[in-house]
Structure formats: structure tokens, C-alpha cells
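Okay, here's what each chain looks like letter by letter:
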Amino acid sequence: MGKKDLFPAQLSGGQQQLVGIARALIAKPQLLLADEPTGNLNSKQGEEIMRTFTMLNEEEGMTIVQVTHSEKNAAYGNRIIHLLDGMIVK
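## With respect to the pattern of salt bridges
Part 1: Evaluated as defined, the whole model comprises two salt bridges.
Part 2: For arginine 51, the salt bridge identified is with glutamate 47, shortest N-O distance 3.9 Å. With arginine 51 and glutamate 47 both in helix α2 (residues 43-60) and four residues apart, this pair spans about one turn of that helix.
Part 3: The class of glutamate 47 is partly exposed, set by a relative accessible area of 30%.
Part 4: As a salt-bridge pair, glutamate 47 and lysine 72 come within 2.9 Å of each other at their nearest N and O atoms. With glutamate 47 in helix α2 and lysine 72 in helix α3 (residues 71-74), the pair connects residues that are 25 residues apart, well separated along the chain.
Part 5: When salt bridges with common partners are traced through the structure, they connect Glu47, Arg51 and Lys72 into a single cluster.

Quick look at the structure:
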């Protein structure tokens, strides 16, 4: 079944998250701010999003700032900054 006629509340959390990412990327921004971008996605979708972010950074020069609790997702980054209670600790 197609999703084009559904309201956002009728989509799953993961589907809403994918739509949000697509909406952010369609404008081809120079800077993408992503807060837990894979939080509602299954592992396969999450890895696909992270590979897409890596490609956009390497091939399009897009700067991506990601906030995540996932060490796996953080490992995709070129620079990792650890925060604790709003302070840089590493």
C-alpha cells in the first residue's frame, strides 16, 4: 500500500523519521544537523542512513553534525566530541 495519501500520524515512527531525513536532504544543504537520526529505524535502515551521510560528506562536501548515543553511529564521523552534562570531556 502506498503512503502518499496518509497523514504523518498514520505513519510509523521510523517512517516519519525517514520522511524527515528526506525533507532535510532534498534542499541539498551545506550543513545538516541530525539529532539521533537513526533512533526509530531498524538496524538495516540505520546503516543505510549512515552510509548515505558518509557519501554526502565525502562526495558532496556536506558537513553533518550528528548528536547520538550510539558509538556505532559516532564511528562514522570524522571528528567525535564527547559531552557530559553540557561540557566537553573528550
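## Here we look at the packing of helix α1 (residues 13-26) against α2
Packed helix pairs are specified by the crossing angle of their axes together with the interaxial distance, meaning the distance between the axes.
Part 1: Orientation of α1 relative to α2, taken along the N-to-C sense of each, is 10°, at an axis distance of 12 Å. With respect to their mutual orientation, α1 and α2 come out roughly parallel. Counting all contacts with α1, which are made through Leu18, Ile21 and Leu25, the residues of α2 involved are Gln45, Ile49, Phe53 and Leu56.
Part 2: Looking at the contact of α1 with α2, its residues break down into six nonpolar, one polar and no charged.

## A closer look at the environment of tyrosine 76
Part 1: The residue tyrosine 76 is located in the loop between α3 and β3 (83-84) in this model.
Part 2: With 16 residues separating them along the chain, tyrosine 76 and glutamate 60 place their C-alpha atoms 16 Å apart.
Part 3: Filtering out sequence-adjacent residues up to four positions away, tyrosine 76 remains in contact with Glu47, Met50, Arg51 and Thr54.

## A short note on the nonpolar core
Part 1: Residues Ile21, Leu25, Leu32, Ala34, Leu41, Ile49, Met50, Phe53, Leu56 and Met62 constitute the largest nonpolar core, which totals 10 residues.
Part 2: Elements with a minimum of two residues in this core: α1, β1 (31-35) and α2.
Part 3: Of the residues forming this core, the biggest block, four residues, is contributed by α2.
Part 4: Among all residues touching leucine 41, those that are not within four sequence positions of it are Gly14, Gln17, Leu18, Gly46 and Ile49.

## A closer look at unusual backbone geometry
Part 1: For lysine 28, which is not glycine, the phi torsion reads 50° and is therefore positive.
Part 2: Locating lysine 28 in the fold gives a position in the loop between α1 and β1.
Part 3: Given the relative accessible area of 67%, lysine 28 is considered exposed.
Part 4: Phi is positive for glutamate 36, which is not a glycine, with a value near 50°.
Part 5: In this fold, glutamate 36 is placed in the loop between β1 and α2.

What counts and what doesn't
- Here the residue index of a chain counts from 1 through its sequence in written order.
- In view of the model being predicted, local features appear only for residues whose pLDDT reaches at least 70, and side-chain atom pairs are presented and counted only at 80 or more, with totals across whole chains, interfaces and linings using the full set of residues.
- Water and hydrogen atoms were dropped before computing side-chain values, which therefore reflect all heavy atoms in the structure.
- A side-chain nitrogen of Lys or Arg and a carboxyl oxygen of Asp or Glu constitute a salt bridge if their distance falls within 4 Å.
- Secondary structure elements are defined from DSSP: runs of H or I of at least 4 residues count as helices, runs of E of at least 2 residues count as strands, and each element is numbered from the N terminus.
- Exposed residues in this analysis have more than 50% of their type's maximum accessible area, buried residues have under 20%, and partly exposed residues fall in between, with area computed by a 1.4 Å probe over protein chains only.
- Axes here mean lines fitted to C-alpha atoms, for a helix over just the part in contact, with angles spanning 0 to 180 degrees between N-to-C directions.
- Each angle is binned into one of four classes, with values under 35 degrees roughly parallel, values over 145 roughly antiparallel, values of 65 to 115 roughly perpendicular, and all other values oblique.
- Contacts are assigned to residue pairs with any non-hydrogen atoms lying within 4.5 Å of each other.
- In this classification, Asp, Glu, Lys and Arg are treated as charged, Ala, Val, Leu, Ile, Met, Phe, Trp, Tyr, Cys and Pro as nonpolar, and every other residue, Gly included, as polar.
- As used here, the term nonpolar core means buried Ala, Val, Leu, Ile, Met, Phe, Trp, Tyr and Cys residues forming a set that is joined through side-chain atoms within 4.5 Å.

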